[in-house]
Amino acid sequence: MSRKPGARDWYKDAVFYEIHIKAFMDGNGDGVGDFVGLTERLDYLVELGVDCLWILPMYASPLRDDGYDIADFYAVHPAYGTLADFQKFLDAAHARDLRVITDLVVNHTSDAHPWFQASRSDPASPYADYYVWSATDRRYADARVIFVDAEKSNWTWEPGRRAYYWHRFFSHQPDLNYDNPAVSRAMLDVMRFWLDRGLDGFRCDAVPYLVEREGTSCENLPETHALLKEFRAVIDREYGGDRMLLAEANQWPEDVRPYFGDGDEFHMAFHFPLMPRLYMALRLEERRPIVDIYTHTPPIPPACQWGLFLRNHDELTLEMVTNEERAFMYYAYAQDPEMKLNLGIRRRLAPLLDNDLRRIELLNCLLLTLPGSPIIYYGDEIGMGDNVYLGDRNGVRTPMQWSSDRNAGFSTAEEGKLYLPVITDPVYGYQAVNVAAQARQPASLLATMKRLIAARRTSPGFGRGAVAFLRPRNQKILAYLRRYGRETVLIVANLSSAPQPAELDLAEFAGIRPVEILGGTVFPPIQAAPYFVSLGPHGFYWFRLERPGDADEPYGIESTAI
Amino acid sequence: MTDGTQDLALPPDVERELDGVAPCEIAVGVLTYNNATTVSAVAAVVRAGLERHFASASTVLINADAGSGDGTPDLLVAAGLPLVRVRHATPFAQRLAVPFHGVPGRGAALRLTFAVARRLGARGLVLLEADVTSAADEWLERLLRPVLEQKADLVVPVYARHRYDGTITNLVLAPLVRALFGRRLHQPLAGAGAFSARLLDRLLADPGWPASGHHQTDLWIEGTASADAFAVWEAWLGPRRAESRTRTSDLPTMVAQAVGGLFGVMSRYDDLWLEVRGSEPVPVAGVPVTPSGEPAALDVDRMVGGFRRGLRDLSALWEHILAPETLGDVLSLDTASPARFGFPDELWARVVYDFALGHHYNVVYRDHLLRSFVPLYLGRTAAFVVATRDRDVGAVESHLDAVGAAFELHKGYLVERWR
């Protein structure tokens with residue numbers, strides 16, 4: 001294994017990139033992406049400027065839920081390669097200063113997992129209590145059904161055991177029983193196995209559901225937090241404190257907040273409610289949804305960080321919106337019923353925004369500058385499209401479009417052998433949208449993404465700074481300050497499709513000449529009076545506000561430099 | 001040149017000072033400028049050092065003053081040593097912003113001091129700094145003994161320092177001097193030193209003595225001594241603490257003066273270094289002292305921030321100075337995480353060489369060029385701290401040796417482009 005030392009809180013400055021192994025690059029020509037292929041494409045990711053790769057489940061699995069149904073925590077799915085391939089990939093990533101985290105499903109396993117096979121068939125087996133069994137399906141009645149389109153109950157009858165087993169997701173994904181201490185010990189051993197290989201952390205799937213208690217929603221229970229704190233303590237103790245845990249807890253911010261604990265539970269958690277509100281603000285052309293959700297976002301411990309995203313491998317979830325907001329979102333972004341799934345919209349970023357480059361860039365601007373670490377879903381950096389007719393969430397999991405070559409340069413396999421067909425429609429098809437073409441165009445989305453990511457690196461304020469929203473009279477203008485130490489960055493964004501003026505109260509910065517970060521242009525000095533800027537349709541500015549005396553602060557080497 | 005005394009024309013006021021002063025074996029030079037608070041202690045160290053280590057030798061104290069207004073020369077009189085006081089030209093600009101070595105017109109002061117020493121027939125001259133409060137009597141012995149007894153011609157001090165003191169010296173001057181002159185000096189601008197009569201004669205006879213007002217004299221002396229195969233030594237002294245109200249501590253000014261001084265020497269005296277290949281350590285007096293590893297209040301984030309600001313504000317200027325490949329590599333340095341910031345030695349050598357070339361060919365106004373070097377220096381310093389702060393002192397030494405080796409290895413890059 002090879003790991004580079006670095007800051008323990010590296011994730012606070014990092015830009016993450018979410019990858020489906022099967023979708024990124026096929027290295028052996030069998031039509032399915034693999035670790036060999038991903039390793040070949042690492043330099044692309046370095047050029048893009050991302051810092052950490054988040055690998056979706058790559059474990060042995062029947063793939064009935066795209067790998068979130070793990071049948072062997074200790075093995076790589078054969079279609080994706082071998083453990084040795086994974087190790088080579090990990091070492092190659094580290095050699096490029098890229099970190100890697102992988103998904104880890106801690107809540108449940110596949111029903112094909114040997115633990116469940118033993119548990120379902122033999123009540124005397126050592127694994128008998130690894131899952132939640134019941135003689136009745138009426139326990140935990142207050143727990144909601146999450147996959148409402150596919151499941152009617154959280155209980156499924158198992159004839160072999162003559163009992164019901166508990167599952168918060170699909171019925172082929174039985175929940176593990178964390179009231180059995182052997183289960184948490186077994187899960188820690190799984191974590192050690194991968195961390196020993198040098199992995200930089202885990203994105204922990206479905207963490208609110210680990211423990212069940214009667215009379216509760218069976219979500220976010222104190223027992224679940226205690227268990228997660230135990231995981232964290234062991235990992236910190238055994239791995240030096242720079243391995244990262246990212247929580248998937250699709251909850252309101254105040255319910256997610258406990259997952260940070262006192263800085264002793266998760267390092268990061270997704271900010272789920274922000275994402276739909278970004279789209280809502282864009283469609284309404286007003287800042288209120290974004291500012292409101294931050295008003296309701298509690299502070300988190302200093303070492304913790306929100307994970308921000310525009311899109312991911314799942315549907316654009318609308319669980320964290322009101323019914324009215326959900327109706328609006330369906331109206332605005334999913335007029336075709338095929339686009340709806342569960343309580344969400346199964347579309348990629350570019351199609352959601354009608355392939356409007358300015359709106360795509362604007363949302364990415366917000367992704368990269370709002371408080372948190374941005375997570376880019378593979379292909380969204382080139383504006384890949386989707387195929388809602390592929391079923392479930394497969395429409396947003398199609399092969400990466402590398403070039404206009406056969407199979408989008410993703411695979412040399414026969415077209416019919418691909419795990420999913422490449423996108424071929426005239427607007428988003430691989431011949432129109434691909435990495436090779438955009439790499440040659442200075443104004444392409446890919447080039448813009450590289451510039452934005454590089455610009456984000458110029459100030460730690462983007463990853464670490466406190467946020468303060470300005471309140472210009474024009475509601476179509478979203479403006480906020482990010483302050484970190486001596487650095488202050490001002491972001492001004494026009495949510496409207498028409499040019500807009502903005503008057504910003506920047507009196508506290510009077511005398512400063514704002515420097516526009518992306519172009520390096522020095523703007524007129526700020527006065528006590530409101531600062532006036534005008535923005536084009538969906539335009540945005542990133543300003544650095546640097547006080548004249550800032551450069552006079554000591555470095556600590558002056559007095560003895562010669 | 002005569003048998004021990006140099007027939008040098010000296011200013012009339014100096015001639016008057018020399019009236020009645022007997023020849024001496026040892027000359028002690030002290031260059032001053034408003035050092036009233038510290039110079040008496042220096043005089044006391046001189047007296048003690050001479051009494052303890054060179055009691056039988058005749059000695060004269062030479063004070064070259066840059067126009068002190070605080071009575072500094074009078075305090076030296078009170079020290080009770082045979083004294084020659086001389087006054088030298090002090091460029092107005094240097095009096096407004098006193099250079100890092102604390103003495104305006106240091107080149108002229110050195111020349112005058114050297115000339116007086118040789119007029120008095122001194123076999124050796126030891127030079128001390130007037131604002132250094134940590135001097136000890138054994139410093140005289142360690143500096144001078146190699147000259148008087150072991151045929152050393154130039155003895156350069158090495159002070160016991162913190163591992164992160166002297167970053168301009170450690171990361172720019174020392175590696176460049178090593179590559180240029182082929183001598184591995186730890187602290188080429190140490191301020192103090194000792195000189196043999198032979199070397200003083202050689203220097204005084206040189207028509208190319210750097211003009212007054214430049215910061216090049218010390219480096220030119222080291223280059224000349226190395227090129228002409230004089231015996232260059234180092235003497236390990238104790239810690240150096242200076243107490244001065246006049247020295248500049250403005251980082252860009254220090255970088256411009258120190259690095260600009262060396263670039264100036266490179267341009268004006270390229271015969272001293274163009275043909276030199278390889279390098280060698282120099283003989284040592286005293287026992288090498290391990291750099292201190294005490295915790296230091298260094299702001300790496302701010303240094304990397306300074307580098308970032310350079311990337312942001314100075315790229316357009318750097319396009320004129322750095323070779324395209326060098327600029328590309330600099331722009332590619334990853335500044336996202338200061339705690340992981342790195343700056344490869346080979347790239348650093350190319351950066352410094354490109355700046356030397358830019359200075360030589362005057363591609364942009366030289367003051368702008370030198371000041372635009374500061375963010376790069378901050379970046380390289382940050383990388384040095386990042387790479388070594390969790391490691392032992394041996395690793396620090398190894399790191400700095402690797403920097404020097406990189407400069408040496410890539411000297412061809414400089415030479416090819418110089419001609």
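Residues numbered from 1 in each chain as written. Chains lettered and ligands numbered in written order. Predicted model: local features only at pLDDT ≥ 70, side-chain atom pairs only at ≥ 80, totals over all residues. Heavy atoms only, no water.

(A) Seen up close, the overall build of chain A. Within chain A, the secondary structure is distributed over 16 helices and 23 strands. A burial count over chain A gives 64% of its 562 residues as buried. Taking all contacts inside chain A whose residues are at least 6 apart in sequence as the whole, residues at least 24 apart take part in 68%. Split by element, the accessible area of chain A, about 19,900 Å² in all, is 52% carbon and sulfur. (Helix = DSSP H or I, 4+ residues; strand = E, 2+ residues; numbered from the N terminus. Buried < 20%, exposed > 50% of the residue type's maximum accessible area, 1.4 Å probe, protein only. Contact = heavy atoms within 4.5 Å. Areas by Shrake-Rupley, 256 points an atom, 1.4 Å probe, with all protein chains shown as cover.)

(B) Expanded view of the sheet that holds strand β11 (residues 268-270) of chain A. All names here are of chain A. Read around the barrel, eight strands follow the order β1-β2-β5-β9-β10-β11-β12-β16 and close on themselves; strand pairing throughout is parallel. For this sheet the average axis-to-axis angle between neighbouring strands, irrespective of direction, equals 25°. With three bridges joining them, β11 and strand β12 (residues 305-309) adopt parallel strand pairing. Directly across from Met268, in β12, lies its bridge partner Gln305. Helix-sheet contacts for helix α13 (residues 357-369) involve β12 and β16 (373-377), and the interaxial angle to β16 is about 140°. (Pairing = 2+ DSSP bridges. Axes fitted to C-alpha atoms, helices over the stretch in contact; angles between N-to-C directions.)

(C) Region of interest: the packing of helix α2 (residues 39-53) of chain B against helix α6 (residues 137-149) of chain B. Residues and elements named next belong to chain B. Where α2 meets α6, the closest approach of the two axes is 7 Å, and the angle between their N-to-C directions is 60°. As far as their axial angle goes, α6 and α2 are oblique. Remark: the crossing between α2 and α6 carries right-handed chirality. In this structure, α2 uses Val45, Val46, Ala48, Gly49, Leu50, Arg52 and His53 to contact α6, whose residues at the interface are Asp137, Glu138, Leu140, Glu141 and Arg145. The residue makeup of the contact of α2 with α6, split by class, is five nonpolar, two polar and five charged. (Parallel < 35°, antiparallel > 145°, perpendicular 65-115°, else oblique. Left-handed = near helix turned anticlockwise from the far one by under 90°. Nonpolar A, V, L, I, M, F, W, Y, C, P; charged D, E, K, R; others polar.)

(D) Fine view of helix α5 (residues 106-119) of chain B. With 14 residues, α5(B) should reach 20 Å at 1.5 Å per residue; the first-to-last C-alpha distance of 20 Å fits that figure. Within α5(B), the full set of buried residues consists of B:Arg106, B:Gly107, B:Ala108, B:Ala109, B:Leu110, B:Leu112, B:Thr113, B:Phe114, B:Ala115, B:Val116, B:Ala117 and B:Arg118. (Expected span 1.5 Å × (residues − 1).)

(E) Quick look at the pattern of salt bridges. All names here are of chain A. Applying the stated criterion to the full structure yields 52 salt bridges over all chains. We note a salt bridge from Glu238 to Arg192, for which the minimum N-O separation is 2.7 Å. Note that Glu238 is positioned in helix α7 (residues 222-239) and Arg192 in helix α6 (residues 181-196), a separation of 46 residues in sequence. Note on Arg192: relative accessible area 24%, which makes it partly exposed. A salt bridge links Lys229 to Glu265, with the nearest nitrogen and oxygen atoms 3.0 Å apart. Residue Lys229 is found in helix α7, and its partner Glu265 is found in the loop between α8 (253-256) and β11; the two are separated by 36 residues along the sequence. Taking the relative accessible area as the measure of exposure, Lys229 reaches 29% and is therefore partly exposed. Among the residues examined, Glu265 registers a relative accessible area of 0% and is labelled buried. If you follow the salt bridges from partner to partner, you end up with Asp103, Arg203, Asp205 and Glu248 in one network. (Salt bridge = Lys/Arg side-chain N within 4 Å of Asp/Glu carboxyl O.)

(F) Quick look at the nonpolar core. A:Tyr17, A:Leu45, A:Phe89 and A:Leu366 are the most contacted members of the largest nonpolar core, which has 153 residues in total. Sorting elements by how many residues they give to this core places α6(A) first, with 10 residues. Once you skip the residues sitting within four places of it in the chain, A:Leu45 turns out to touch A:Tyr17, A:Ile19, A:Phe24, A:Leu38, A:Val50, A:Leu53 and A:Leu98. Among the nonpolar cores identified, the runner-up in size contains 151 residues, and A:Tyr555, B:Ala66, B:Ala192 and B:Phe355 belong to it. (Core = buried A, V, L, I, M, F, W, Y, C linked by side-chain atoms within 4.5 Å.)

(G) Main features of α13(A). Residues and elements named next belong to chain A. The end-to-end C-alpha separation of α13 is 18 Å, in line with the 18 Å expected for 13 residues at 1.5 Å each. The buried fraction of α13 amounts to 11 of the 13 residues, a majority that puts the element mostly inside the structure. Every buried residue of α13 is listed here: Arg359, Ile360, Glu361, Leu362, Leu363, Asn364, Cys365, Leu366, Leu367, Leu368 and Thr369. The residue sitting at the N-terminus of α13 and contributing the capping side-chain oxygen is Asp356; that oxygen lies 2.9 Å from the backbone nitrogen of Arg358. (Polar contact = N/O pair within 3.5 Å; in protein donor to acceptor, adjacent residues only side chain to side chain.)

(H) The packing of aromatic side chains, seen in detail. A full pass over the atoms with the stated rule returns 56 aromatic pairs over all chains. With a centroid separation of 6.1 Å and an interplanar angle of 65°, the aromatic rings of B:Phe307 and B:Phe343 are classed as edge-to-face. With B:Phe307 in helix α11 (residues 300-321) and B:Phe343 in the loop between α12 (324-331) and α13 (345-360), this pair connects stretches of sequence that are 36 residues apart. Across the pair, exposure class does not vary: B:Phe307 and B:Phe343 are buried alike. Each residue in the set A:Phe35, A:Tyr59, A:Phe73, A:Tyr74, A:Phe86, A:Phe89, A:Trp115, A:Tyr127, A:Tyr130, A:Phe193 and A:Trp194 is aromatic and connected to the rest through ring pairs, giving one cluster. Lying across the ring of A:Tyr378, A:Arg348 places its NZ or CZ 4.6 Å from the centre. (Phe/Tyr/Trp six-rings, centres within 6.5 Å; stacked < 30°, edge-to-face > 60°. Lys NZ or Arg CZ within 6 Å of the ring centre and 35° of its normal.)

(I) Region of the structure containing the interface of chain B and chain A. Taken together, the contact between chain B and chain A spans 31 residues of the former and 27 residues of the latter. Here chain B meets chain A over a buried area of about 2,400 Å², counting both sides, of which 53% is carbon and sulfur. Among the residues chain B hides against chain A, the three largest losses belong to B:Arg302, B:Arg312 and B:Arg340. Together they make up 31% of the total. Here chain B and chain A share one salt bridge between them. With its nearest N and O atoms 2.8 Å apart, the salt bridge here joins A:Arg457 to B:Asp334. (Buried area = accessible area lost by both parts, 1.4 Å probe.)

(J) Seen up close, the environment of A:Phe170. Residue and element names in this part refer to chain A. When you line up the elements, Phe170 lands in the loop between β8 (163-166) and α6. When the C-alpha positions of Phe170 and Asp65 are compared, they lie 8.2 Å apart, and in sequence the two are 105 residues distant. Beyond its immediate chain neighbours, meaning those up to four positions away, Phe170 contacts Asp65, Phe147, Ala150, Glu151 and Arg393.

(K) Here's a closer look at the side chain of B:Ser196. Residues and elements named next belong to chain B. By secondary structure assignment, the location of Ser196 is in strand β6 (residues 193-196). Within polar-contact distance, the side chain of Ser196 engages the side chain of Asp153 at 2.7 Å. For Ser196, the side chain forms a polar contact with the main-chain nitrogen of Leu199, separated by 3.1 Å.

(L) Structural view of the sheet that holds strand β17 (residues 466-469) of chain A. All names here are of chain A. Taken in spatial order, the five strands of this open sheet run β17-β18-β19-β23-β21, and their pairing is antiparallel. Each edge of the sheet is formed by a strand with only one pairing partner; in this case those strands are β17 and β21 (515-516). Examined bridge by bridge, strand β19 (residues 487-494) and strand β23 (residues 540-545) share six bridges and lie antiparallel to one another. Bridge pairing in β23 links Leu490 to Phe543.

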